[in-house]
Amino acid sequence: MDVLFLNPMFLGAGVVVMALVMGREYDWFNDQSRIGYAVALSMLALVALLGKVSNGANLSFSIGPFNLQPSEFAKFAVLLQMGNFLSNDKREVLHKDRFIRGLLVVGAPVVLIIAQPDLGSASVLVVMAVGMMLVAGARFRDILRITVLSAVTVGVAVITGFVNTYQLKRFSAFFNQNSHDPQLAKYLYQGRNALRAVATGGITGKGWLQGPITNAPKDIPVQWADFPFSAVGEQFGLLGAAVLLGLYGVVLFRIWRAASLARDTLGTYLCVGVFSMVLWQVFQNVAMTIGLMPITGLPLPWVSYGGSGLLTFFALI
């Protein structure tokens, strides 16, 4: 399997989307944020009714040969709405009433995404909101509350059956990685092979397309979306992995620099939101590949094969 997972067609489309977004001042997007937010909520609600079922989850619409994943586009819409909401308050401290209203802004799409169920994408929105509200002056105890609220929301989703057995098995496999339970075998299989691929890559790797694990499609199912880092680790080794993570570090530094130089609080909040999402997705994807986090299916930004995610991250950047 080729280590280059990007779909050239979506890569080209992503560059066009990025150019179009760059052609507008972010004030224009801010003016459209409520419309975009309403559209995102509508799409998330519709996907539960009309979405394509995969592994027991309604995550996307099937449009001919393409799958449209609303939770990816919701990242852009919720970011804009949160930025709009927070920038309207000029006080240095985010007071409790504003904090609670901010929770409602992010809470509605998070609940709809958990209902799909897609815990990974829901966690991205929560991390984004926490980052933005922290910079907006939220107090530590309020941040603690959103953390507890998120945990309770997930707990309620599990109890009420919103989170299906497939998702729960993934968490069970994470906490029992050395288990020989046949019911967990298929959930442990790809995680173990992904970790083995990275571990056997050595310093310089086995060479492009020369990885025996990452070039066998059955060894790491859905590698193209969930585990592209395993291919980097096996084929390019520690050096290749370090280069990739270093590039993400450069991107994150530039986003943070843009946040500090923004002409107004709206620009700062938007940059902080993008920073939080990129940082969390990179961390989560790499960590689940090496067994430090549960497998949630979050793509690796600009690397994983997937049109919706690629277009969204080009728009964000």
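These remarks concern the structure in this document. Note that the coordinates shown come from a computational prediction; the quantities given were computed from them, not determined experimentally.

**Quick word on the packing of helix α4 (residues 70–87) against helix α6 (residues 119–135)**
At their nearest, the axes of α4 and α6 sit 10 Å apart, and the two run at 20° to each other. With respect to α6, the element α4 is oriented roughly parallel. Between α4 and α6 lies a crossing whose hand is right-handed. Along the contact surface, α4 presents S71, E72, A74, K75, V78, L79, M82, G83 and L86, while α6 presents S121, V124, L125, M128, A129, M132 and M133. Considering only residue class, the contact of α4 with α6 consists of 11 nonpolar, 3 polar and 2 charged.

**Considering a nonpolar patch on the surface**
Where nonpolar side chains cluster on the molecular surface, the patch consists of F140, L144, V148 and V152 and spans about 410 Å² of accessible area. As for its position among the elements, V148 is in helix α7 (residues 140–160). Taking the relative accessible area as the measure of exposure, V148 reaches 46% and is therefore partly exposed.

**Observations regarding the pattern of salt bridges**
With the rule as written, the count across this model stands at 5 salt bridges. For K206, the salt bridge goes to E234, with nearest N and O atoms at 3.9 Å. On the criterion of sequence distance, the pair formed by K206 in the loop between α9 (185–199) and α10 (223–226) and E234 in helix α11 (residues 228–261) is long-range, its members being 28 residues apart. The partly exposed category is assigned to K206, whose relative accessible area is 36%. Residue classification places E234 among the buried positions, given a relative accessible area of 0%. Through salt bridges with shared partners, a single ionic network connects E25, D27, R263 and D264.

**As for the side chain of R98**
The residue R98 is located in helix α5 (residues 96–114) in this model. When sequence neighbours within four positions are dropped, the list of residues in contact with R98 reads F85, L86, N88, D89 and R91.

**Some remarks on the packing of helix α1 (residues 8–22) against helix α13 (residues 307–316)**
Packing of α1 against α13 leaves a shortest axis separation of 8 Å and a crossing angle of 30°. In this view, α1 runs roughly parallel relative to α13, as classed from their interaxial angle. Seen along the crossing, α1 lies across α13 with a hand that is right-handed. Two secondary-structure elements touch here, α1 through F10, L11, A13, G14, V15, V17, M18 and V21 and α13 through G307, L310, L311, F314 and A315. Partitioned by chemical class, the residues of the contact of α1 with α13 number 11 nonpolar, 2 polar and no charged.

**Focus on unusual backbone geometry**
Non-glycine residue L209 carries a positive phi angle of around 70°. Residue placement: L209 occurs in the loop between α9 and α10. At W302, a residue that is not glycine, the phi angle is positive and equals roughly 65°. Note that W302 resides in the loop between α12 (265–289) and α13. The class of W302 is buried, set by a relative accessible area of 19%.

**What about the packing of aromatic side chains?**
Throughout the structure, instances matching the rule amount to 5 aromatic pairs. On the numbers, 5.9 Å between centres and 85° between planes, the contact of F29 with F76 is edge-to-face. Remark: F76 occurs in helix α4 and F29 occurs in helix α2 (residues 26–31); sequence separation between them is 47 residues. We note that F29, like F76, is buried. Taken together, a centroid distance of 5.5 Å and an interplanar angle of 70° make the contact between W302 and F313 edge-to-face. Note that W302 is positioned in the loop between α12 and α13 and F313 in helix α13, a separation of 11 residues in sequence. Taken together, the ring pairs in this structure connect W28, F29 and F76 into an aromatic cluster. The lysine or arginine in question, R24, covers the ring of W28, its NZ or CZ lying 4.4 Å from the ring centre. Stacked on the ring of F85, the Lys or Arg R98 has its end atom at 4.0 Å from the ring centre.

So, how was this worked out
- Residues numbered from 1 in each chain as written.
- Predicted model: local features only at pLDDT ≥ 70, side-chain atom pairs only at ≥ 80, totals over all residues.
- Heavy atoms only, no water.
- Axes fitted to C-alpha atoms, helices over the stretch in contact; angles between N-to-C directions.
- Helix = DSSP H or I, 4+ residues; strand = E, 2+ residues; numbered from the N terminus.
- Parallel < 35°, antiparallel > 145°, perpendicular 65-115°, else oblique.
- Left-handed = near helix turned anticlockwise from the far one by under 90°.
- Contact = heavy atoms within 4.5 Å.
- Nonpolar A, V, L, I, M, F, W, Y, C, P; charged D, E, K, R; others polar.
- Patch = residues over 30% accessible without salt bridge, like charges linked within 9 Å, V, L, I, M, F, W, Y side chains within 5 Å.
- Areas by Shrake-Rupley, 256 points an atom, 1.4 Å probe, with all protein chains shown as cover.
- Salt bridge = Lys/Arg side-chain N within 4 Å of Asp/Glu carboxyl O.
- Buried < 20%, exposed > 50% of the residue type's maximum accessible area, 1.4 Å probe, protein only.
- Phe/Tyr/Trp six-rings, centres within 6.5 Å; stacked < 30°, edge-to-face > 60°.
- Lys NZ or Arg CZ within 6 Å of the ring centre and 35° of its normal.

By themselves, these are just geometric observations and shouldn't be taken as functional.
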